[in-house]
Amino acid sequence: MTCDILIEGAAVLAMDAAGTIHAPGYVAITGERIVALGAGRGRDAPEAWDAPSIIAGSGLIVMPGFVNTHTHVAMAAFRGLGEDVPDRLRRFIFPLEKRLVTRELVRRASEFCIAEMLRSGTTTFADMYYFEDEVAHAARRLHIRALLGETVVDFPSPDSAEAYGGIAYAGRFAAEWRGDSLVSPCFAPHAPYTVADDKLRETCEEARRLGARILMHVAETEAERDLYAARGTSTLRHLDSLGCLGPDFVAAHMIHVDAADIELAAARGMGVAHCPASNSKGGRPIAAASTMVEAGVRLGLATDGPLSGNGMDMQGIVGLYPKLQKVRLGRRDVVSAQDAVYAATIGGAGALGLDDITGSLEPGKMADILVADARSFSMLPVHDWYSTVAFSMRPSDVAWVLVGGKIVRDRSGLTTVDEEELLDSIIRVAEDCRREQAGL
Ligand SMILES: [Zn+2]
């Protein structure tokens with residue numbers, strides 16, 4: 001049988017419920033979807049697969065593309081600024097954004113940041129920011145799957161002259177992009193401490209009326225923990241009392257949670273975006289991520305924004321997750337390499353409510369695929385596929401990336417855009433930012 005693209009001779013990590021590995025194995029793709037996969041070579045399979053486009057090689061590892069469950073891609077424009085400012089969000093980031101964030105900056109910085117993610121094998125991301133319709137255009141141009149949350153906050157923001165203008169903005173965005181094959185518009189109430197209770201309730205109701213998901217920073221800061229503790233509750237129980245939590249709700253961070261919160265998160269079927277790099281850079285405690293997974297919480301991994309976590313490749317996160325959980329619990333035998341790769345792929349897809357279409361390699365699912373070349377100084381020798389992916393793979397080891405059956409990256413780079421154009425563009429954006437700051 002003929003398919004569009006045949007990947008063969010590679011080690012195939014399906015990341016399905018059975019933990020299937022075919023080494024060597026093949027994956028056959030037609031249109032947007034995986035049509036078959038199995039052991040051996042596709043051409044030797046009973047269907048005798050053939051394709052006009054063949055990716056082959058004995059040193060290749062084929063796995064689902066990474067799912068980055070929490071980002072702010074447009075903040076790539078500010079990467080490296082104000083690194084060690086205390087109370088950075090209120091004293092540095094919010095004023096900076098007020099001055100500098102424009103529609104054009106969001107588009108150009110998002111394209112640049114999405115390029116970094118695609119080059120390193122991320123095929124799905126969930127974003128929270130302003131002008132998310134511009135992020136949507138960037139996602140379409142570079143061809144990446146995206147949940148895009150328009151920010152709702154209690155002060156005028158770069159894309160809204162009024163406080164809470166994000167609710168109406170998100171509504172228009174959701175209507176405009178409804179049914180898109182790559183982009184899912186979402187509502188992103190910034191955090192419990194920047195959105196009043198009645199507005200939070202309204203935001204969640206409006207999102208659900210439109211069938212959009214809700215992305216939010218939850219239980220990230222000490223101040224937030226103390227605020228709700230003084231009221232005899234917790235951030236999560238407070239959000240639950242407002243009717244926010246559900247399978248369509250994705251909470252980033254979830255650091256300050258207790259056993260009852262974890263039970264509640266599992267019961268509500270909500271997703272959690274665990275951000276080990278940005279949390280450690282912010283000097284925050286290590287979130288009880290593995291405890292949440294054991295309790296049945298749908299947990300994925302995330303870089304957070306380029307200003308908080310800097311590197312946007314998931315290779316920098318997938319190994320850090322088990323390392324920090326081992327530190328937290330003082331034990332070596334928690335969070336295996338396989339658990340880590342699971343969280344970075346199908347776990348993240350589950351947290352975002354997309355595990356029916358992506359996150360694992362199974363017939364019928366979208367062909368969102370990372371192909372790494374293990375014949376490299378970082379990855380060889382390969383004794384354990386999961387260990388190699390979790391701890392050894394570097395962004396430069398990624399050789400091909402497919403999103404929805406389209407090859408968006410090959411050995412020479414991105415296929416959808418001119419990489420030099422994006423590099424020049426971010427340099428100009430950064431120069432504009434510096435000029436703007438100097439002029440104040
Ligand atoms: Zn964030």
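In every chain, residue numbers begin from 1 and rise along the written sequence. At least 70 in pLDDT is required for a residue's local features to be given in this predicted model, at least 80 for side-chain atom pairs to be given and counted, and no such filter applies to totals for whole chains, interfaces and linings, which use all residues. Side-chain numbers come from the whole structure's heavy atoms, not from hydrogens or water.

Enquirer: Just to check I follow, could you spell out the coordination of the zinc ion for this structure?
Expert: Ideal values for angles at a metal depend on the geometry: 109.5 degrees with four tetrahedral donors, 90 or 180 degrees with six octahedral donors. Here a donor is an N, O or S atom found within 2.8 Å of the metal, or within 3.2 Å if the metal is Na, K or Ca; sites may look incomplete because water is not among the atoms. Coordination of the zinc ion by the protein is provided by His70 (NE2), His72 (NE2), His217 (NE2) and Asp304 (OD), with metal-donor distances spanning 2.1 to 2.7 Å. Classification of the site at the zinc ion as irregular follows from its four donor atoms and the range of 82 to 175 degrees in their angles at the metal. Key to geometry: four donors with every angle between 85 and 135 degrees are tetrahedral; four donors are square planar and six octahedral where opposite donors lie over 155 degrees apart and all remaining angles lie between 65 and 115; all other sites are irregular.

Enquirer: Just to check I follow, could you spell out helix H15 (residues 419-438) for this structure?
Expert: Because the α-helix completes a turn every 3.6 residues, residues three or four places apart line up on one side. Secondary structure elements follow DSSP: runs of H or I no shorter than four residues count as helices, runs of E no shorter than two count as strands, and numbering proceeds from the N terminus. A helix is expected to span 1.5 Å for every residue after the first. Between the first and last C-alpha of H15 there are 29 Å, a value that for 20 residues agrees with the 28 Å anticipated at 1.5 Å per step. Within H15, the full set of buried residues consists of Leu422, Ser425, Ile426, Val429, Ala430 and Cys433. Viewed along the axis of H15, the buried residues span an arc of 135 degrees, placing them on a single side of the element. Opposite its buried face, H15 presents the exposed residues Glu420, Arg434, Arg435 and Ala438, each directed more than 90 degrees away. Pairs of residues are marked as contacts when any of their non-hydrogen atoms sit within 4.5 Å. Buried residues along H15 sit against helix H1 (88-100), helix H2 (103-119) and helix H3 (132-142). We define a polar contact as two N or O atoms separated by no more than 3.5 Å, with the added condition that, inside protein, one atom must be a possible hydrogen donor and the other a possible acceptor, whereas residues neighbouring each other in sequence contribute only through side-chain atom pairs. Where H15 begins, one side-chain oxygen reaches toward the backbone nitrogen of glutamate 420, 3.0 Å away; that side chain belongs to aspartate 418. Note on classification: 1.4 Å probe, protein chains only; a residue is buried when its accessible area is under 20% of the maximum for its type, exposed when over 50%, partly exposed between these limits. When we speak of the arc, we mean the arc of directions from the helix axis to the C-beta atoms.

Enquirer: Please explain H3 as it appears in this structure.
Expert: When you tally the buried positions in H3, you get eight out of eleven residues, the bulk of the element. Considered for burial, the residues of H3 that qualify are Glu132, Asp133, Glu134, Val135, Ala136, Ala138, Ala139 and Leu142. With its phi angle positive at about 70 degrees, histidine 143 sits one or two positions after the end of H3.

Enquirer: What is the right way to look at the packing of aromatic side chains in this model?
Expert: A pair of Phe, Tyr and Trp rings is counted when the ring centres sit within 6.5 Å of each other, with Trp represented by its six-membered ring. The angle between the planes then sorts it: under 30 degrees is stacked, over 60 is edge-to-face, the rest tilted. In total, this model carries three aromatic pairs according to the counting rule given. On the numbers, 6.4 Å between centres and 80 degrees between planes, the contact of phenylalanine 131 with tyrosine 169 is edge-to-face. In this pair, phenylalanine 131 is assigned in the loop between strand E7 (122-129) and H3 and tyrosine 169 in helix H4 (residues 165-177), connecting sequence segments 38 residues apart. This pair shows no difference in class: phenylalanine 131 is buried, exactly as tyrosine 169 is.

Enquirer: How do you make sense of the pattern of salt bridges when you look at a structure like this?
Expert: Opposite charge on two side chains makes pairing possible when the charged atoms of those side chains draw close. Should a side-chain nitrogen of Lys or Arg be within 4 Å of a carboxyl oxygen of Asp or Glu, the pair is scored as a salt bridge. The tally for this structure, following the rule as stated, stands at 26 salt bridges. Residue arginine 141 pairs with glutamate 111 through a salt bridge whose shortest N-O separation is 3.0 Å. Here arginine 141, found in helix H3, pairs with glutamate 111, found in helix H2; they are 30 residues apart in sequence, far enough to count as distant. Residue class for glutamate 111 comes out buried when judged on its relative accessible area of 8%. Residue glutamate 421 pairs with arginine 141 through a salt bridge whose shortest N-O separation is 3.3 Å.

Enquirer: Would you take a moment to explain the sheet that holds strand E9 (residues 183-189) for this structure?
Expert: Working definition: the strands of a sheet are paired by backbone hydrogen bonds and lie parallel or antiparallel to each other. If you walk across this open sheet you meet the eight strands as E6-E7-E8-E9-E10-E11-E12-E13, and the pairing is parallel. Each end of this open sheet is capped by a strand with a single partner; those strands are strand E6 (66-71) and strand E13 (298-301). Adjacent strand axes in the sheet meet at a mean angle of 25 degrees, parallel and antiparallel pairs treated alike. In this sheet, strand E11 (residues 249-253) lies alongside strand E10 (residues 213-218) in parallel orientation, the contact comprising five bridges. Its bridge partner lying in E11, valine 218 is registered against histidine 253. For helices, the fitted line uses only the C-alpha atoms of the stretch in contact; every axis is such a line through C-alpha atoms, and the angle between N-to-C directions lies from 0 to 180 degrees. Contacting E7, strand E8 (145-152) and E9, H3 runs over the sheet at an angle of about 170 degrees to E8. Strand pairing requires that DSSP identify at least two bridges connecting the strands.

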